[in-house]
Amino acid sequence: MFDETAGYDEIITLRDIPFQSFCEHHLAPITGFAHIGYLPKGRVVGISKLARVVDTFARRLQIQERLTAQIADVIQKVLQPEGVAVVLKATHGCMTTRGVHKHGSSMVTSKMLGCFRDNAATRHEFMTGLNI
Ligand SMILES: [Zn+2]
């Protein structure tokens, strides 16, 4: 599952991973993109595996905040990098169809672990690179 980093010790970012989930309150679709960053500590993981993590948790009924945290937590636990950052930007069917009609609005959630939580410069580098 893991490859050695060959000395690579900068942030790795996988952005614009499309996902679809369903809001557990309204059973309405949550559609958006996940952005994952991590700072490797000795090993890296294939990008398809990161995308699969997103799909695995998105497949359940969710709230976006929990989905964000679950993705970050499992990557931290399995890969054990210096830190993980997960940002989700999504539109909620329950916002666009249930009488609220806020078309075009989206919700952004983030979960920062390790160095992304502790180090403002690292977090800033990641967020600036996303440009969302
Ligand atoms: Zn909802």
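Please refer to the structure placed before this passage.
Please read these numbers as outputs of a predicted model, since none were measured by experiment.

Reading guide: rules and limits
- Residues numbered from 1 in each chain as written.
- Predicted model: local features only at pLDDT ≥ 70, side-chain atom pairs only at ≥ 80, totals over all residues.
- Heavy atoms only, no water.
- Axes fitted to C-alpha atoms, helices over the stretch in contact; angles between N-to-C directions.
- Helix = DSSP H or I, 4+ residues; strand = E, 2+ residues; numbered from the N terminus.
- Parallel < 35°, antiparallel > 145°, perpendicular 65-115°, else oblique.
- Left-handed = near helix turned anticlockwise from the far one by under 90°.
- Contact = heavy atoms within 4.5 Å.
- Core = buried A, V, L, I, M, F, W, Y, C linked by side-chain atoms within 4.5 Å.
- Buried < 20%, exposed > 50% of the residue type's maximum accessible area, 1.4 Å probe, protein only.

**Student:** I'm lost on the packing of helix α1 (residues 47–58) against helix α2 (residues 64–79) in this one. Help?
**Tutor:** Two packed helices can be described by the angle between their axes and the distance between those axes. In the contact formed by α1 and α2, the axes pass within 10 Å of each other and the chain directions differ by 135°. With respect to each other, α1 and α2 are oriented oblique. Handedness of the α1/α2 crossing: right-handed. Along its contact with α1, which presents L50, V53, V54, F57 and A58, the element α2 presents L67, Q70, I71, V74 and I75.

**Student:** Would you mind going over the nonpolar core with me for this structure?
**Tutor:** General note: in soluble globular proteins, nonpolar side chains tend to be found buried as a group. Judged by nonpolar contacts, the single largest core of 27 residues is most densely connected at F19, I36, I71 and I75. Counting residues per element, the ones that place at least two in this core are β2 (12–23), β3 (29–39), β4 (43–45), α1, α2 and β6 (83–92). For I71, the residues in contact, after removing those within four places along its chain, are I36, V53, V54, F57, V86 and L88. Formed by nine residues, the second largest nonpolar core is a distinct cluster that contains I11, L39, M112 and F116.

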